[in-house]
Amino acid sequence: MSGDHGLSVTVPAALSCLEQIPALHVVLVGDQPLIEAELRRLKAAKSDPRRRIHHASEVVGMDEAPTKALRNKKDSSMRVAIDLVKDGAAQAMVSAGNTGALMATAKFVLKTLPGIDRPAIVSAIPSVSGHVHMLDLGANAECTSEQLFQFAVMGSALITAMQGKPQPRVALLNIGSEEIKGNDVIKGAAALLQASSLNYIGFVEGDGIFLSDVDLVVCDGFVGNVALKTGEGVAKMIRQFLKDEFTASFLNKLAAVAAMPALKALGKRIDPRHYNGASFLGLSCTVVKSHGGADAVGFANAIRVGVREVELDVPRRISVLLGQTLQTRSEPIAPTA
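Scope of this entry: the structure provided in the associated data block.

Rules used throughout
Residues numbered from 1 in each chain as written. Predicted model: local features only at pLDDT ≥ 70, side-chain atom pairs only at ≥ 80, totals over all residues. Heavy atoms only, no water. Buried < 20%, exposed > 50% of the residue type's maximum accessible area, 1.4 Å probe, protein only. Helix = DSSP H or I, 4+ residues; strand = E, 2+ residues; numbered from the N terminus. Arc of directions from axis to C-beta. Contact = heavy atoms within 4.5 Å. Core = buried A, V, L, I, M, F, W, Y, C linked by side-chain atoms within 4.5 Å. Patch = residues over 30% accessible without salt bridge, like charges linked within 9 Å, V, L, I, M, F, W, Y side chains within 5 Å. Areas by Shrake-Rupley, 256 points an atom, 1.4 Å probe, with all protein chains shown as cover. Salt bridge = Lys/Arg side-chain N within 4 Å of Asp/Glu carboxyl O.

So, helix H2 (residues 32-41)
Each α-helix winds once per 3.6 residues, and so residues spaced three or four apart point in a common direction.
Next, step 1: Turning to H2, its buried residues number three or more, namely Ile-35, Glu-38 and Leu-39. Taken around the axis of H2, the buried residues stretch over an arc of 100°, which confines them to a single face. Residues Pro-33, Arg-40 and Arg-41 are exposed on H2 and point more than 90 degrees away from its buried face.
Next, step 2: Of the surrounding secondary structure, the elements contacted by the buried residues of H2 are helix H1 (7-20), strand E1 (26-30) and strand E2 (51-55).
Next, step 3: Lys-43 occupies a position one or two residues after H2 and carries a positive phi of about 60°.

Structure (structure tokens):
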């Protein structure tokens, strides 16, 4: 029900995925009369055995405090959908709503996996080698070395499951590639990773997110969110610069016509809709966050991310890899709040 566009995005995206994924069943959670009206507007079939509506009387606002939403809106579409996953009536939950409220509610209801202190937000972003996964993208503004290590384990398990890479290349985001660079938290995380069975390759700087040959970049949520939004801003700026230059004169417009196939291919490679769908790793079940401003194409991709993670049983794979990784360390993980 939430996000910047609500039902005008989520319902058509769900219908599209139902057409494309035969094994998919969808529960549309929210205000039933409004959902039914949107289905009629889209001329959807009146009934579908793979589609049902579960009524929820409340909506969490995009600017609502997470604690308030958790405490006061137990019949919100967000809370009800997460409860359905907890009860086994659904296998994954996808939302474009309030990120903080979604994280707080999911962690409270679904709990974290054993050995994981905090869930982290991970997503694929475009790079010169295709794409790279990065976490945390905003769930944890401050982290300990131990938590960054846990993020690396979770991200490695995700990439192994989703891409079939047995030893994904893991890097820590830092202000330099030299071992002497960084604060104590980063240096401590590096030591833990070097002593583990993960394929840790060292530090990368900000440009290395997009240019280095790595599979996973690990950082705290504050740095990760800033880096992500910076990258998105640069991509939009380049698009605007290209538009300005190709419309500056008649000759430039002719050049734009000649360059159109390359421009379309470039636009497809950096289109954020194809990378929409950030997973909340570390929870006992699958929860996927769509960008609040995503259109139906982007939200459909977030649904597909959820489907893929359910098919590959990502939470279980994280638990297994965490156990295997801990066996290589001389000291067990100590809980960190």
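Observations concerning the nonpolar core
Next, step 1: Core analysis: the largest hydrophobic core is formed by 35 residues, its most contacted members being Ile-82, Met-93, Met-134, Ile-209, Val-217 and Val-287.
Next, step 2: When contributions to this core are tallied by element, the ones reaching two or more residues are helix H4 (77-86), helix H5 (99-110), strand E4 (120-127), strand E5 (130-135), strand E6 (169-173), helix H9 (221-246) and strand E9 (278-281).
Next, step 3: Residues contacting Met-134, with those up to four places away along its chain left out, are Ile-121, Val-122, Ser-123, Ile-125, Leu-173, Ile-209, Leu-216, Val-217, Cys-219, Gly-224 and Ala-227.
Next, step 4: Val-122, Ala-161, Leu-192 and Leu-281 belong to the second largest nonpolar core, which has 34 residues in total.

Quick look at a nonpolar patch on the surface
Next, step 1: Together, Val-234, Met-237, Ile-238, Phe-241, Leu-242 and Leu-266 line one region of the surface with nonpolar side chains, adding up to about 490 Å² of accessible area.
Next, step 2: The leading source of residues in the nonpolar patch is H9, at five residues.
Next, step 3: Within the element layout of this structure, Val-234 appears in helix H9.

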